[in-house]
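Commentary on secondary and tertiary structure
Below, each chain spelled out in residue letters.
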Amino acid sequence: MPPGSLSKRKGVDVNEHQSQYVIVGGSAAGMAAAHTIRAKDVRGTITVLSEEPDVPYFRPLIPFLVSGQKQPEDMALTGSGPYMGADIAVKTGARVAACDPDSRSLTLEDGTCYGYEKVLFATGSRPYVPPEIEGTGAEGVFALRTLADARSMAARAARTAHAVMLGGGLLNLKAAFALLERGVKVTLVVYSPEVLSQLMDPEDAYLVRKALDDAGLTIHTGASATAIQSDPSGVTGVALDNGEELACQMVCIGKGVRPNVEFLQGSGVAVDGGIVADRFTAASRPDTYAAGDVAVTHDPISGAPIMTALWTNAVEMGRCAGMNMAGIKTAYTGTFGILNATQVADEPFVAMGVVHTRSGDYEIHRRATATTFRKLVFDPGGNRLVGAVFVGDIRNAGLYRYVIRERMDVTGFKPAIIDHTLHYGHFIC
Amino acid sequence: MSQPKEIFVRTDRCVGCRSCITACAVEHSASKTLFGAIAETPRPKSRVYVEWVAPDHKVPLVCRHCEDAPCMHACISGAIHRDADGVVRTDADKCIGCWTCVMVCPYGVIGRHLEEHKAYRCDRCPDREIPACVDACPTGALVYQTVPAYSGAARQHASRELVQAEGG
């Protein structure tokens, strides 16, 4: 199809649409980009194509649907927080099957075509289901990712006395607590020596672990599932590699995510794990951009390419892409691979930057009380903060993030960092 | 539209008396009186902070309602928005207490209400003409002004000092 033919035929064929900005993906990165574009370009047409059946929502809230504390309407993104832009057309149930950067067009699975002037790939990621576990297709096996998943999980929870969670990451912990709230007995099976191994070293996680144990979670570490057993009613149990068998009616898999890049096959857009984005969030073909879980970006400290699956990062990169798409050239500062704040079982914690220090040369300061733990990680010279873990007391965590990200020379206030008494006054006096 | 006023901090004037902290906590109490506030459970929280830096600097800190508010964009539940007056507000009903805002605020001015499991910050005292902290400050270290008026005053002050230094 020659370039420009789409716009000429606009309105003739209902299966062909033209929009100045087309955004593939209706979650954090996509919607942040759409609203940023709208703030900078009042008139440009913006179309968001989302494969999900639900209108955009705050994905991190879906465990509350499982617990029953929130309903889908409480999670709607549009009209909440900074998402106040008008005239953003969102097409739900629109799964993009192919992209042709030569003709600047996208084709949906149902054959509908969308022409664009600029396109953002913000297709996010999907749960990784380890192929070595047998029987993951059974009813009652979940990998909590979408609102639709949360709905089915909530429905199944009503018939579940015992649920087994495979994987000890944050998502599975949130899901575990949602189920606990509903009175379901929950067992967590973790291959690593400790929970949250992505966010802290095992010896640093003891307070979080204690809080989880106290909250009533049963945790098996150093074990993994080999098979999920089922009958026509769905899941009946999980077999572990240590020979144990756990009878259960629900299994939740939280083993990380993989980027959704398949639709770019044959498009010429460079993919290396995820979509390769330059410093200005541009993908490799003209007028293509990438942001969020699907994009490969860089760590501001090491400069190494990384991919993250965090809402906050996705929003930040999506906003940056939106600026660039609207014609305001904006460099993306990159992101730490680890940047998490949350609270599980009444235990708040923050992990950011370099938190795994078993290998590598670092100056490490650990302090612990009965209810708090902190670890501050400096470079070998001791002048730069490169990572921090706070458990129990997360006061002023944003200042430490700022010090890490800006690579500040900490000579003037290093004792305050180690003592966790840093405040903004240290930066200006 | 008239320029909205903001709270400016003059660290050179702060003597560290913490009157702002008391006034803020009282304003955000149920009774709105000092004696009532002291007796309340949970204890009313101040949204303004006074920090100290050696040798003897006092630094009042309060939410700046940043133009590009990191907390608002980082919030994973849509609980933070900017109102028509430019004030960045945390909606307690929507806040889930995940503390992402605390992790991204570079000023350290978002508090954690542990009893209610909600984040809180300066709301610029919506029921008052002048925010309680500014009203209570006895030294003029907290100033409630529009940006042009405040920067104009700062320029005038600087020019006067310059003229004086030059012996004029």
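Within every chain, residues take consecutive numbers counted from 1 along the sequence as written. Lettering for chains starts from A, numbering for ligands starts from 1, and both go in the order in which the items are written. Under the rules for a predicted model, residues below a pLDDT of 70 receive no local features and side-chain atom pairs below 80 are neither given nor counted, while totals for whole chains, interfaces and linings still include all residues. Derived side-chain values reflect all non-hydrogen atoms in the structure, with water molecules and hydrogen atoms excluded from consideration.

All names here are of chain B. A surface patch of nonpolar side chains, about 370 Å² in accessible area, is lined by Leu34, Phe35 and Ile38. The numbering of helices and of strands both runs from the N terminus, where a helix is a DSSP run of H or I of at least 4 residues and a strand a run of E of at least 2. Inspection of the secondary structure puts Leu34 in helix α2 (residues 34-39). Burial here depends on accessible area, computed with a 1.4 Å probe over protein chains only, as a share of the maximum for the residue type. Under 20% is buried, over 50% is exposed, and the range in between is partly exposed. When its relative accessible area of 41% is taken as the criterion, Leu34 is described as partly exposed. Within the patch definition used here, like charges are joined within 9 Å and nonpolar side chains (Val, Leu, Ile, Met, Phe, Trp, Tyr) within 5 Å, considering only residues with over 30% relative accessible area and no salt bridge. Accessible areas in this description were obtained via Shrake-Rupley with a 1.4 Å probe; residue shielding takes into account the shown protein chains only. For this document, the term salt bridge refers to a Lys or Arg side-chain nitrogen within 4 Å of an Asp or Glu carboxyl oxygen.

What follows is about the pattern of salt bridges. If you walk through the whole model with that rule in mind, you get 31 salt bridges over all chains. For Glu27(B), the salt bridge goes to Lys32(B), with nearest N and O atoms at 3.2 Å. Residue classification places Lys32(B) among the partly exposed residues on the basis of a relative accessible area of 39%. Here Asp135(B) ties to Arg128(B) by a salt bridge, and the two come within 2.6 Å at their closest N and O atoms. Where salt bridges share partners, they join Asp201(A), Glu203(A), Asp204(A), Arg358(A), Arg366(A) and Lys375(A) into one cluster.

Interface extent is often summarised as the accessible area lost during association of the parts. Listed by partner, the interface residues are 38 residues for chain A and 33 residues for chain B. Values labelled buried area give the accessible surface lost by two parts on being combined, using a 1.4 Å probe and summing over both. It is Arg319(A), His423(A) and Tyr424(A) in chain A that bury the most area against chain B; as a group they hold 19% of the surface buried on that side. Our count for the chain A to chain B interface comes out at 1 salt bridge. The shortest N-O distance in the salt bridge between Asp68(B) and Arg319(A) comes to 2.4 Å. The contact criterion used throughout is that any non-hydrogen atoms of two residues lie within 4.5 Å.

Another point: the packing of aromatic side chains. Residues and elements named next belong to chain A. Between the rings of Phe, Tyr and Trp (Trp by its six-membered ring), a pair exists once the centres lie within 6.5 Å; its type follows the angle of the planes, with under 30 degrees stacked, over 60 edge-to-face, and the other angles tilted. Following the criterion strictly, the structure yields 10 aromatic pairs over all chains and no others. Their ring planes at 45° and their centres at 5.6 Å tell us that Phe58 and Trp311 sit as a pair that is tilted. One end of the pair, Phe58, is in the loop between β2 (46-49) and α3 (63-67); the other, Trp311, is in helix α7 (residues 311-325), and 253 residues separate them in sequence. Relative accessible area serves as the criterion here: at 10%, Trp311 is assigned to the buried category.

Time to look at the confidence of the model for chain A. In this model, chain A carries a mean pLDDT of 94, and residues with pLDDT of at least 70 account for 97%. The predictor reports its confidence for every residue as pLDDT, a score running from 0 up to 100. This model gives residues 1-12 of chain A a pLDDT under 50, and the stretch forms 15 contacts once residues within four places in sequence are excluded.

All names here are of chain B. For chain B, the assigned domains are domain 1 (1-62 + 122-168) and domain 2 (64-107 + 115-121). Centre-to-centre, using C-alpha coordinates, domain 1 lies 21 Å away from domain 2. Every contact between the two is made by 13 residues of domain 1 and, on the other side, 11 residues of domain 2. Where domain 1 meets domain 2, there are 1 salt bridge. A domain assignment, automatic or from a database, supplies the domain bounds used here.

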